[in-house]
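# What the coordinates show
Here is what each chain is made of, one letter per residue.
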Amino acid sequence: MQPADKRFEEIYRRNVDAVLAYARRRAPADMAEDVAAETFLICWRRLDRVPENALPWLYAVARKTLANQRRAAVRRATTQSALEPSSGAGSALAHDPTLRVAFARLGERDRELLALVAWEGLSLREAAASLGCSPVACRVRFHRAKRRLAQHLEQLDAPRPIRRPHAQGVAR
Amino acid sequence: MRHDDPLIARLAAANPVPAGTLVHVSVRERLLASVLEEPPQHRGRVRRRTLVAALVAAAVAVPAAAFADRIGQIFGLSNQGTPVATSRLPEYQDTKLAEAIREMQWPAQMQLLGERNGVTFYATRKANGEFCFAMDAVTRPLEGVSCVPPGLFPSPKRPIIGLPVGDRFNAGVLAGFAADGIARVNVVDAAGATIVSAPVADNLYAAVDVPQVQAGAIVALDGNGNVLYRQPVSG
């Protein structure tokens, strides 16, 4: 076995589950499989650029591949549900509906950073490597994203009432 | 991985696709072997097809439980009521409120769940899964309609919903909807003493003439008197 083959095998064995899970959390199943396949193909072609800790790099490739797939899907005018950025995450959060709605209200950057930490289990330093930002900037973004998520959760925990202007009762 | 931050821990707990559970080992081995056995000069487009095919096969091996909705954990609401037109809500007599209800995209039909102590209960579920409810009392100005996010009610997290949620009993009414398994809803003071108690029948409860006192919490109890849910009230 060639050294490159061996290295690819190691990267593949160690990360295939994580990459497929990453894609599955963010996209419909069929798109997720394509994304994972494309990610490892790029990994093979650019093996010399893959850092020793490959997973953050693979996530970055998968994220860009996912964005490309979504753009292609838009051009093909496929079903709207497949195009929503949070469609994969939304189904993943089905058993915590308040969190699902709050999470969906975040911007794409906030969602991705929080998901890398909470779902992919990356450290902030690894997340920074995946997102291409400095660890310090990533830490600041992380705390801001958490604060925004907490604010959305706070708003959602109270049902939205509408009342008669003169109503004395309180619905929440 | 353990998360010390409660918010990140909650987000992590909502992840039903844990790493390491997706690709069946035999599929993974077969895929890798097929990739590495190809002549190097043929790698590239051929590999991509191989990877796609293998990953599609892997998807078949995904445990169904990994993606299953956790319906079993969610409390039910047995009372399905009878369909009535949404336009019968008193709010529809107020132009602005009728407009607001339409903006909330209530369906044209809702379910009349019943009447308790002069309070009439309506509910509906929107196409997006939101649970919407309304209560109407002929003799009391407690009207109001509300919608909650999909899955929030009925659920273990919120097995009751209704009036009041704050500590204000201006209308003197404790009324609402209760999930299956809830037998009684009590309002207790800060010391835990019961101020008012409403039995639940067919998922509905209503108590009127509630004294104007500072409430500490609303609690939901099962048939044995066990507290299943406690909702502190804020001043």
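As shown above, the structure is provided for reference.
These remarks concern the structure in this document. As the structure is a prediction and not an experimental result, all values here were calculated from the model.

## Observations concerning the overall build of chain B
- Helix and strand content of chain B: four helices and twelve strands.
- Within the span of chain B, comprising 235 residues, buried residues form 51% of the whole.

## Some thoughts on the packing of aromatic side chains
- Following the criterion strictly, the structure yields eleven aromatic pairs over all chains and no others.
- Measuring from ring centre to ring centre gives 5.3 Å for Phe121 of chain B and Phe177 of chain B, while their planes differ by 85°; the resulting arrangement is edge-to-face. With Phe121 of chain B in strand S3 (residues 119–125) and Phe177 of chain B in strand S7 (residues 173–178), this pair connects stretches of sequence that are 56 residues apart. For the pair Phe121 of chain B and Phe177 of chain B, a shared accessibility class is recorded, and that class is buried.
- Three or more aromatic residues joined by ring pairs form one cluster here, namely Phe121, Phe131, Phe133, Phe153 and Phe177 of chain B.
- Note that Arg26 of chain A overlies the ring of Tyr22 of chain A, its terminal NZ or CZ placed 3.7 Å from the centroid.

## Let's talk about the pairing of strand S9 (residues 194–199) of chain B
Residue and element names in this part refer to chain B.
- Bridging between strand S8 (residues 184–188) and S9 involves five bridges; their strand directions are antiparallel. Each bridged residue has a counterpart across the sheet, and for Val188 the counterpart in S9 is Thr194.
- Linkage of S8 to S9, two consecutive antiparallel strands, is achieved through a turn of five residues, within which Gly192 is found at a positive phi near 95°.

## A closer look at the pattern of salt bridges
Residues and elements named next belong to chain A.
- Taken as a whole and judged by the stated rule, the model has eight salt bridges over all chains.
- The partner of Arg26 in a salt bridge is Glu112, with the nearest N and O atoms 3.0 Å apart. In this pair, Arg26 sits in helix H1 (residues 3–26) while Glu112 sits in helix H7 (residues 108–118), placing the two residues 86 residues apart along the sequence. Of the two residues, Arg26 and Glu112, both sit in the buried class.

## Observations regarding the packing of helix H6 (residues 97–105) of chain A against helix H9 (residues 135–157) of chain A
All names here are of chain A.
- For the pair H6 and H9, interaxial distance at closest approach is 9 Å and the crossing angle is 130°. With respect to each other, H6 and H9 are oriented oblique. The handedness of the crossing between H6 and H9 comes out as right-handed. Each of Thr98, Leu99, Val101, Ala102, Phe103 and Arg105 in H6 lies in contact with H9, whose residues at this interface are Leu149, His152, Leu153, Gln155, Leu156 and Asp157.
- Here the residues of the contact of H6 with H9 sort into seven nonpolar, three polar and two charged.

## Digging into the environment of Gly132 of chain A
- Within the fold, Gly132 of chain A resides in the loop between helix H8 (124–131) and H9.
- Each C-alpha atom of the pair Gly132 of chain A and Ala60 of chain A lies 8.4 Å from the other, and the pair is 72 residues apart in sequence.

## Brief notes about unusual backbone geometry
Residue and element names in this part refer to chain B.
- Although it is not a glycine, Asp202 adopts a positive phi angle of roughly 50°.
- Along the chain, Asp202 turns up in the loop between S9 and strand S10 (204–208).
- Taking relative accessible area as the criterion, Asp202 reaches 54% and is therefore assigned exposed.
- The backbone phi angle of Asn203 is positive, close to 70°, even though this residue is not glycine.
- By the element assignment, Asn203 lies in the loop between S9 and S10.
- Here Asn203 falls in the buried class, since its relative accessible area comes to 6%.

## A closer look at the nonpolar core
- Cys43, Leu58, Leu114 and Leu149 of chain A are the most contacted members of the largest nonpolar core, which has 55 residues in total.
- Of all the elements in the fold, those that place two or more residues in this core are H1, helix H2 (29–45), helix H3 (54–76), H6, H7, H8 and H9 of chain A together with helix H1 (6–13) of chain B.
- For this core, the leading source of residues is H1 of chain A, giving nine residues.
- Not counting residues within four places of it along the chain, the set of residues in contact with Cys43 of chain A comprises Phe8, Ile11, Val50, Trp57 and Leu58 of chain A.

## Overview of H1 of chain B
- Taken residue by residue, H1 of chain B has Leu7, Ile8 and Leu11 of chain B as its buried positions. Along the axis of H1 of chain B, the buried residues cluster in a sector spanning 95°; they form a single face. In H1 of chain B, the exposed residues that point more than 90 degrees away from the buried face are Pro6 and Ala13 of chain B.
- Those residues of H1 of chain B that are buried are in contact with H6, H7 and H9 of chain A.
- At the N-terminal boundary of H1 of chain B, the capping side chain belongs to Asp5 of chain B, with an oxygen 2.8 Å from the backbone nitrogen of Leu7 of chain B.

## Considerations on H9 of chain A
- For H9 of chain A, spanning 23 residues, the distance from its first C-alpha to its last is 32 Å, which sits close to the expected 33 Å at 1.5 Å a residue.
- Among all positions of H9 of chain A, only Cys138, Arg141, Phe142, Ala145, Lys146, Leu149, His152, Leu153 and Leu156 of chain A are buried.
- Packing partners of the buried residues in H9 of chain A comprise H6, H7 and H8 of chain A together with H1 of chain B.

## Thoughts on the sheet that holds strand S11 (residues 217–221) of chain B
All names here are of chain B.
- Read across the sheet, four strands follow the order S9-S8-S11-S12 without closing on themselves; strand pairing throughout is antiparallel. Single-partner strands in this sheet number two, and they are S9 and strand S12 (227–232). The mean angle between the axes of side-by-side strands here comes to 20°, regardless of whether they run parallel or antiparallel.

## Quick look at a positive patch on the surface
All names here are of chain A.
- Together, Arg45, Arg46, Arg49 and Lys64 make up a region of like positive charge exposed at the surface.
- Looking at where Arg45 falls in the secondary structure, it is placed in helix H2.
- Looking at Arg45, the relative accessible area reads 51%, which means it is exposed.

What counts and what doesn't
- Residues numbered from 1 in each chain as written.
- Chains lettered and ligands numbered in written order.
- Predicted model: local features only at pLDDT ≥ 70, side-chain atom pairs only at ≥ 80, totals over all residues.
- Heavy atoms only, no water.
- Helix = DSSP H or I, 4+ residues; strand = E, 2+ residues; numbered from the N terminus.
- Buried < 20%, exposed > 50% of the residue type's maximum accessible area, 1.4 Å probe, protein only.
- Phe/Tyr/Trp six-rings, centres within 6.5 Å; stacked < 30°, edge-to-face > 60°.
- Lys NZ or Arg CZ within 6 Å of the ring centre and 35° of its normal.
- Pairing = 2+ DSSP bridges.
- Salt bridge = Lys/Arg side-chain N within 4 Å of Asp/Glu carboxyl O.
- Axes fitted to C-alpha atoms, helices over the stretch in contact; angles between N-to-C directions.
- Parallel < 35°, antiparallel > 145°, perpendicular 65-115°, else oblique.
- Left-handed = near helix turned anticlockwise from the far one by under 90°.
- Contact = heavy atoms within 4.5 Å.
- Nonpolar A, V, L, I, M, F, W, Y, C, P; charged D, E, K, R; others polar.
- Core = buried A, V, L, I, M, F, W, Y, C linked by side-chain atoms within 4.5 Å.
- Arc of directions from axis to C-beta.
- Polar contact = N/O pair within 3.5 Å; in protein donor to acceptor, adjacent residues only side chain to side chain.
- Expected span 1.5 Å × (residues − 1).
- Patch = residues over 30% accessible without salt bridge, like charges linked within 9 Å, V, L, I, M, F, W, Y side chains within 5 Å.
- Areas by Shrake-Rupley, 256 points an atom, 1.4 Å probe, with all protein chains shown as cover.
- Lys, Arg positive; Asp, Glu negative; His and termini not counted.
- Charge placed at Lys NZ, Arg CZ, Asp CG, Glu CD.

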